[in-house]
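Observations on the three-dimensional arrangement
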Amino acid sequence: MNTGHKIKLALIVPLIATASGCTSLGVEPWERDLLAKDAMSLTSSPIDSALDDHIYFSKEASSGGKGFGGGGCGCN
Amino acid sequence: MKTEKTNIKAALTIATAALLGGNTVAHAETTAAKEDNSWEFDSAFLFYSETDRVSASEVILNAKKSFEDDEILNLKLTVDALTGASANGAVAQPTVQTFTRPSGNGQYDIAPGDTPLDDTFHDTRVQLNAQWTQAVADNLTASGGVHISKEYDYLSLGVNGNIAMDFDRKNSTVSLGFSHFQDTFTPEGGIPKPFASMLIGDSSAPTWDDEFAKTRLGSDDDKTTTDLLLGFTQVINRRMIMQFNYSYSMVDGYLTDPFKILTIVDDNGIAQDYVYESRPDSRVKQSIYAQSLYHFDTNVLDVSYRYMWDDGEITSHTIDSRFTIPLSDSFSRESYIQPHFRFYQQSAADFYQPFILASEPLPVFASADYRIGEMTAFTIGLKYGLLVNNGHELSFRLEYYRQTPTDAGFDEPGVLKEVDLYPSVDAMIAQVSYSF
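Residues numbered from 1 in each chain as written. Chains lettered and ligands numbered in written order. Predicted model: local features only at pLDDT ≥ 70, side-chain atom pairs only at ≥ 80, totals over all residues. Heavy atoms only, no water.

**A closer look at the sheet that holds strand S14 (residues 261-265) of chain B**
Residues and elements named next belong to chain B. Spelled out, the test is: At least two bridges found by DSSP between two strands are what make those strands a pair. Counting from the N terminus, the helices are DSSP H or I runs at least four residues long and the strands are E runs at least two residues long.
One open sheet accounts for 3 strands, arranged S15-S14-S20; its pairing is mixed. Because the sheet does not close on itself, it has two edges, and the strands there are strand S15 (271-276) and strand S20 (356-357). Pairing of S14 with S20, which is carried by 2 bridges, proceeds in the parallel orientation. By the bridge assignment for S20, Ile264 is matched with Ile356.

**Some details on the side chain of B:Asp123**
All names here are of chain B. Applied cut-off: Partly exposed describes any residue whose relative accessible area lies between the buried limit of under 20% and the exposed limit of over 50%, with all areas from a 1.4 Å probe on protein chains only and scaled to the type maximum. Asp and Glu count as negative and Lys and Arg as positive, but His and the ends of the chain are not part of the count. For salt bridges, the criterion is a side-chain nitrogen of Lys or Arg within 4 Å of an Asp or Glu carboxyl oxygen. Note on definitions: a residue-residue contact is assigned when non-hydrogen atoms from the two residues lie within 4.5 Å.
Within the element layout of this structure, Asp123 appears in strand S6 (residues 117-137). Put simply, Asp123 is tucked away with no salt bridge, and the nearest opposite charge, on Lys150, sits 7.8 Å away. Once you skip the residues sitting within four places of it in the chain, Asp123 turns out to touch Asp80, Ala81, Leu82, Glu151, Tyr152 and Asp153.

**Structural notes on the packing of aromatic side chains**
All names here are of chain B. Put simply, the test is: Any Phe, Tyr or Trp ring, taking Trp's six-membered ring, that has another such ring centre within 6.5 Å forms a pair; planes under 30 degrees apart are called stacked, those over 60 apart edge-to-face, and the others tilted.
In this structure the tally under the stated criterion is 15 aromatic pairs over all chains. Summarising the aromatic geometry, the rings of Phe67 and Trp132 are spaced 5.5 Å apart at their centres and angled 45 degrees between planes, so their arrangement reads as tilted. Of this pair, Phe67 sits in the loop between strand S2 (55-66) and strand S3 (72-87) while Trp132 sits in strand S6, and the two are 65 residues apart along the sequence. By relative accessible area, Phe67 is classed as partly exposed at 31%. Owing to a relative accessible area of 33%, Trp132 belongs among the partly exposed residues under this scheme. Here the aromatic rings of Tyr307 and Trp309 are separated by 5.6 Å at their centres, their planes lie at 25 degrees, and the arrangement is stacked. There is no split in this pair, since Tyr307 and Trp309 are both buried. Three or more aromatic residues link up through ring pairs in this structure, and these residues are Trp39, Phe41, Tyr434 and Phe436.

**Focus on helix H2 (residues 46-59) of chain A**
Residues separated by three or four positions in an α-helix point in the same direction, a consequence of the helix having 3.6 residues per turn. Our working definition: By this rule, a helix spans an expected 1.5 Å times one less than how many residues it contains.
End to end, H2(A) covers 20 Å across 14 residues, agreeing with the expected 20 Å (1.5 Å per residue, within 8%). Among the 14 residues in H2(A), 10 count as buried, and that is most of the element.

**Topic: the interface of chain A and chain B**
Many analyses report the size of an interface as the accessible area lost when the parts associate. What counts, and what does not: Buried area adds together the accessible area that both of two parts lose upon being put together, with accessible area traced by a 1.4 Å probe. Contacts described as polar in this section are N or O atom pairs within 3.5 Å, which, within protein, must combine one atom able to donate a hydrogen with one able to accept it, while residues neighboring in sequence count only if both atoms come from side chains.
The partner chain B presents 87 residues to the 51 residues of chain A that form the contact. The largest per-residue losses of area from chain A upon contact with chain B belong to A:Leu42, A:Lys59 and A:Phe68, which jointly make up 13% of the total buried on that side. Remark: the boundary between chain A and chain B carries 8 salt bridges. The salt bridge involving A:Asp52 is made with B:Arg322; its shortest N-O contact spans 3.0 Å. Taken together, the connections running from chain A to chain B amount to 33 residue pairs in polar contact (both at pLDDT 80 or more). Elements represented by at least two residues in the side of chain A that touches chain B include exactly helix H1 (3-19) and H2 of chain A.

**Observations concerning the side chain of B:Asn88**
Residue and element names in this part refer to chain B. Mapped onto the fold, Asn88 is located in the loop between S3 and strand S4 (97-100). In terms of polar contacts, Asn88 uses its side chain to reach the side chain of Tyr108, at 3.0 Å. In this structure Asn88 touches Phe99, Tyr108, Pro116, Asp118, Phe259, Lys260 and Ile261, once residues within four positions along its chain are discounted.

**Focus: the environment of B:Val174**
Residue and element names in this part refer to chain B. Counting through the fold element by element, Val174 comes out in strand S9 (residues 172-185). Sequence-wise, Val174 and Asp302 are 128 residues apart; in three dimensions their C-alpha atoms are separated by 20 Å. In this structure Val174 touches Ile163, Ala164, Met165, Phe167, Gly231 and Phe232, once residues within four positions along its chain are discounted.

**Re unusual backbone geometry**
Residue and element names in this part refer to chain B. Even without glycine at this site, Asp70 takes up a positive phi of about 60 degrees. Relative to the helices and strands, Asp70 resides in the loop between S2 and S3. Assessed through its relative accessible area of 63%, Asp70 is described here as exposed. Although it is not a glycine, Phe195 sits at a positive phi angle of roughly 65 degrees. Turning to its location among the elements, Phe195 is positioned in the loop between strand S10 (191-192) and helix H3 (208-213). Exposure remark for Phe195: the relative accessible area of 15% places this residue in the buried category.

Right under this line is the structure:
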């Protein structure tokens, strides 16, 4: 088992734990004041993300992960 | 001033609506006049500049319209222009080196000790994206989109679809996405034959064109990319949300870079020949991604980690973090600063090698492109954003990006010990954004 697999396991275990329905997780609809802020959205600036994805797709061997890492330009 | 801004928005609303057909134009004219929030626009200008290498300018305009029942239409236009020099893959030498340009028209010289850079790099790209998102049932949201991107020598067409299901009071979301791209590459000078020797000499000689053509396979080639993305989002509590993704990506077709070469060196490290690179015609990469956002009393921490691996022995780790700090209303305006730090590390592809030894048999695949070699990189940056009139946001971002390629354990014969085989790349990124 290499480091990569250990890391995968470390990430998958909490995922399953979460998905299996720990009832203490989550909030009621009226408790979403902070979560509703722009800064708390998973992609707080889609434009910055698009520009960054283009830069790193062109300069590194990895892409995607957060979203699709597909083709789209001849830069790599 | 306010009137002028409203007019710009109204004009853009009409222009955007025009793309959707005549009926909508008439509708947009009336709604734009009545309702200022019918379209939301995000725009940005980015300048990217590497020391002595590539620089790029990119403009993005994103238009978003929310309809009744939460249907969302998103249209995005991206235009970028690239110019400058890019590493051609050959190693530095203690003597002057001469290379032929990718087009076959003319040559360029590289000074002793310098990393060979091809300075003929320039391209302009126009990209259009359209995305439609709507609820299809209770707690079920679907989204579909199209993509077209055109460069002088490249065409990319794509489609994507995504479905997301909310449960547990919308505290949990499971999503499944699919995307497919069809790309065609028509590089200047055509597609070189794998491991063909770069023709060097008098490009005005009458036999040149015929000799150059012998190093070519054809004028164009293509590739397809298919991605699957499985996502899970969970609200942890009032202050915290997490996301986990797994992605699977298959790329098939022409994955070689037609502009990249490798140096064939003798046992003293002296260049004997330059040959065009050759990469496998398929690649499967997978990744897992985890992100967490935490709201402190006023600040927000956004941290993500990605582990990626492919079937060519590349693995990579990426940590990306942003910290949003609201500033007090000293100018009676809402504003924030956002420090950004990103760390990236990758291992080399199994077919990566910085040069080829003449004394060894030619490999099946080889590339000296440092972007698939062993590398560490980091980005450090700062963004400053403020709300201006009507709640419009203006922001500035300045970042420094440094790539440090490293030796994955290749022996360096003779003169190669005295030259830099793994030069670092430094880049500055400057961006201005305006949302209205």
